[in-house]
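One letter stands for each residue in the lines below.
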Amino acid sequence: MPQPQDIVKLVLLNGTQSEASSSGNNAAWLCLCEKKVLLVGHTCSDDLAENDRVDCRCGRSFFVVGEGKRFTKVREVKEDARK
């Protein structure tokens, strides 16, 4: 049985918010670049390891934040300030 889809916040570096679709510990969202690339990621660990980051071809990076540790329910998606 498929997991239900939820809408969560996509928090951008410029302070604006958009939306991401989530199911369980996975999320999907469109990058802000003019190509509108679909990005997919899973909830990351508390220390935001490099391999948890989802990178777009335009240079923007994102993390999927869960309700706890890695592989927990998605709380939000955040654009990454670290480059």
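Residues numbered from 1 in each chain as written. Predicted model: local features only at pLDDT ≥ 70, side-chain atom pairs only at ≥ 80, totals over all residues. Heavy atoms only, no water.

Caption draft 1: Fine view of the sheet that holds strand S3 (residues 26-30). On the basis of which strands lie adjacent, the open sheet formed by seven strands has the order S4-S3-S2-S1-S7-S6-S5 and mixed pairing. Since the sheet does not close on itself, it has two edges, and those belong to strand S4 (38-42) and strand S5 (54-55), each with one partner. Both S5 and strand S6 (residues 61-66) contribute to a ladder of two bridges, which runs antiparallel. Within the sheet, the bridge partner assigned to Val54 lies in S6 and is Phe62. (Pairing = 2+ DSSP bridges. Helix = DSSP H or I, 4+ residues; strand = E, 2+ residues; numbered from the N terminus.)

Caption draft 2: Region of the structure containing the side chain of Ser61. If you trace the backbone, Ser61 turns up in strand S6. With a relative accessible area of 4%, Ser61 lands in the buried category. In terms of polar contacts, Ser61 uses its side chain to reach the side chain of Asp55, at 2.6 Å. (Buried < 20%, exposed > 50% of the residue type's maximum accessible area, 1.4 Å probe, protein only. Polar contact = N/O pair within 3.5 Å; in protein donor to acceptor, adjacent residues only side chain to side chain.)

Caption draft 3: Representation of the pattern of salt bridges. Under the criterion given, the structure shown has five salt bridges. For the salt bridge of Asp6 with Lys73, the shortest nitrogen-to-oxygen distance reads 2.9 Å. Placement of the pair is Asp6 in strand S1 (residues 6-11) and Lys73 in the loop between S6 and strand S7 (74-79), with a sequence separation of 67 residues. A residue is classified by how much of its surface remains accessible, and Lys73, at 41% relative accessible area, is partly exposed. Here the residues in one salt-bridge network are Lys9, Glu76 and Lys78, joined through shared partners. (Salt bridge = Lys/Arg side-chain N within 4 Å of Asp/Glu carboxyl O.)

Caption draft 4: Representation of the environment of Leu10. Assignment of secondary structure puts Leu10 in strand S1. Look at Leu10 and you get buried, because its relative accessible area is 1%. Taking the C-alpha atoms as reference, Leu10 lies 9.1 Å from Val64; in sequence the two are 54 residues apart. If we skip the residues at most four places from it in the chain, Leu10 touches Thr16, Gln17, Ser18, Glu19, Ala20, Trp29, Leu30, Phe62 and Val77. (Contact = heavy atoms within 4.5 Å.)

Everything listed here is a matter of coordinates, which is why it stays silent on function.
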